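# Breakdown of the fold
Listed below, chain by chain, are the residues.
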Amino acid sequence: MQTKLVKIDCKNIKKDELKEAAEIIREGGLVAFPTETVYGLGADALSREAAKKIYEAKGRPSDNPLIVHICDFKELVSIAREVPAEAEQLAKAFWPGPLTMIVWKNDRVPYTTTGGMDTVAIRMPNHPVALALIRESGCLIAAPSANTSGKPSPTEASHVALDMDGKIPMILDGGAVGIGIESTIVDLTEDVPMILRPGYITKGMLEEVLGKEVKVDPGIIADASDKKPKAPGMKYKHYAPKADLVLVEGEEVAVIQKINALVLEKQKKGEKVGVIATDETKNRYQADYVVSIGARTDEDAIARHLYKILREFDAWEVDAIYSESFATPRIGQAIMNRLMKAAGHQVLTTEQERD
Ligand code: TXA
Ligand code: MG
């Protein structure tokens, strides 16, 4: 299959440009499109056959449910068995935006879309191309991130092309995404709302709107990695670059020393080594490739650059990667959740080593 790459000017979307994409979706085909978080791989969410194609193209296990993307709150009502009051409050505050809500599904939603679950994940994305595609197609669009299963999520159309070329009919190129990590997922099917995947919308932001406590799934907290996460997708090693990635935590100078020592060890064995640093530290490493993820205080930039950098290391074919850790105040939890998974939970703490 030939994959058509269609450039779209997000500030001036022409209906004609989206017509063909919308038609592909209506006919049960796949279209990759930009959202504000990462690129999605879309298909008609209410068609069993269409959803199946997504799993095939991604090589994704069929028990890992998809997120249904909508462009109007009414569409949530149309596929949910009941709409909790919290869903309305959160939609008012954060939709369109990087928040996915889990509610009980009704019979319109096929089990293929929900990976066999009785609940469904729903999100209204805040991206003009995504919203226009949903509207123009007249469908609800099931869309996981548009990467091959296990790879870092795509934040640019070229990343999608690398993974999906020849497998899907069309990629809509709306440029680089704004946020760079996937949406926050909150489960509203129990008495206390629970975050199943941290993201740009934080626990504090949810609690402020709801006026009550929101829990975080213990299965996604770094030091509780023995617990099984509630979102099926969170259990897979994922977001991973090809090379072995290790995080090094601790005080800045000690981290730099430790990483440089580790790099030297690997280089002595003839290995090619990469380092993920920040603007403040990038000149203090001696490795084959040193990339800055952004300024240490600019957590939006850190989130936006993370997956692109992991993919760059793949292209450079490094054997090992060492990264500083980025426990920034607001979205640090989401950033570290992705990095920890990419690293398969390999973390070195410099303080501990000194004891
Ligand atoms: O930002 C995003 O959410 C992006 C863009 C494209 O919208 N999409 C995305 O989809 O990240 P995906 O499929 O890569 O991740 C969806 C996650 C998976 O971990 C899946 O297990 C979980 O959501 N999920 C989906 N439906 C669920 C459900 N009913 N119950 C629990 N977890 C669910
Ligand atoms: Mg994904």
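Refer to the preceding data block for the structure.
Residue numbering note: each chain is counted from 1, following its sequence as written. Chains and ligands are labelled sequentially in the order written, the chains with letters from A and the ligands with numbers from 1. Local features are withheld for residues below a pLDDT of 70 in this predicted model, meaning they are given only at 70 or higher, and side-chain atom pairs are given and counted only at 80 or more; totals for whole chains, interfaces and linings count all residues. Each side-chain value is worked out from all heavy atoms of the structure, with water and hydrogens disregarded.

## Observations regarding the nonpolar core
Convention followed: Buried residues of nine kinds, namely Ala, Val, Leu, Ile, Met, Phe, Trp, Tyr and Cys, make up a nonpolar core once their side-chain atoms join them within 4.5 Å. Residue exposure (1.4 Å probe, protein chains only): buried if accessible area is under 20% of the type maximum, exposed if over 50%, otherwise partly exposed. Labels follow the DSSP assignment, with helices taken as runs of H or I lasting at least four residues and strands as runs of E lasting at least two, numbered in each case from the N terminus. Only heavy atoms enter the contact rule, under which two residues are in contact if any of them lie within 4.5 Å.
Among the nonpolar cores identified, the biggest contains 103 residues, and Leu41, Leu90, Trp95, Leu99, Met101, Leu172 and Leu206 are the most heavily contacted of them. Looking at this core, the element that brings in the most residues is helix α9 (residues 299-316), giving 7 residues. Leu172 has contacts with Val6, Ile8, Leu18, Ala21, Val31, Ala32, Phe33, Pro34, Tyr39, Val129 and Leu133, leaving out every residue within four places of it along the chain. Judged by nonpolar contacts, the second largest core, of 14 residues, contains Val248, Leu262, Val273 and Tyr322.

## A word on the site of ligand 1
Heads up, the condition is: What makes a residue near a molecule or strand is one non-hydrogen atom of that residue sitting within 4 Å of it. Pairing of N or O atoms within 3.5 Å defines a polar contact, subject to two protein rules: one partner must be a possible hydrogen donor and the other a possible acceptor, and residues neighboring in sequence count only if both atoms are side-chain atoms. Residues are sorted three ways: Asp, Glu, Lys and Arg are charged, Ala, Val, Leu, Ile, Met, Phe, Trp, Tyr, Cys and Pro are nonpolar, and all the rest, Gly among them, are polar.
Ligand 1 sits among 28 residues. The nearest are Thr37, Asn64, His69, Ser183 and Gly233. At a separation of 2.9 Å, an oxygen atom of ligand 1 approaches a polar side-chain atom of Arg197. Residue assignment for the shell around ligand 1 shows that the elements contributing at least two residues are β4 (67-69), β6 (119-123) and β10 (194-197). Take the shell around ligand 1: its biggest share by element is 4 residues, from β6. Partitioned by chemical class, the residues of the shell around ligand 1 number 16 nonpolar, 8 polar and 4 charged.

## A closer look at unusual backbone geometry
Backbone torsion omega between Trp95 and Pro96 reads -10 degrees, so that peptide bond is classified as cis. Assignment of secondary structure puts Pro96 in the loop between α4 (85-94) and β5 (99-104). Here the phi dihedral of Glu317 falls at roughly 55 degrees; this positive angle occurs in a residue that is not glycine. Although it is not a glycine, His345 adopts a positive phi angle of roughly 65 degrees. Secondary-structure assignment places His345 in the loop between α10 (332-342) and β16 (347-349). For His345, a relative accessible area of 37% gives the class partly exposed.

## Comments concerning the sheet that holds β10
What links the strands of a sheet is backbone hydrogen bonding, and the strands pair in either a parallel or an antiparallel sense. Using the following cut-off: Only strands that DSSP links by at least two bridges are regarded as paired with each other. The axes used here are C-alpha line fits, helices contributing only the stretch in contact, and every angle between their N-to-C directions lies in the interval 0 to 180 degrees.
Taken in spatial order, the 11 strands make up an open sheet running β1-β8-β2-β3-β7-β4-β6-β5-β9-β10-β11, and their pairing is mixed. The strands lining the two open edges of the sheet, one partner per strand, are β1 (4-7) and β11 (215-216). Pairing of β4 with strand β7 (residues 141-142), which is carried by 2 bridges, proceeds in the antiparallel orientation. Within the sheet, the bridge partner assigned to His69 lies in β7 and is Ile141. Docked against the sheet, helix α1 (residues 15-26) engages β1, β2 (31-33), β3 (40-44), β7 and β8 (170-173), running at close to 140 degrees with respect to β8. Where helix α6 (residues 157-164) meets the sheet, it contacts β1, β2, β3 and β8, and its direction lies at approximately 165 degrees from that of β8.

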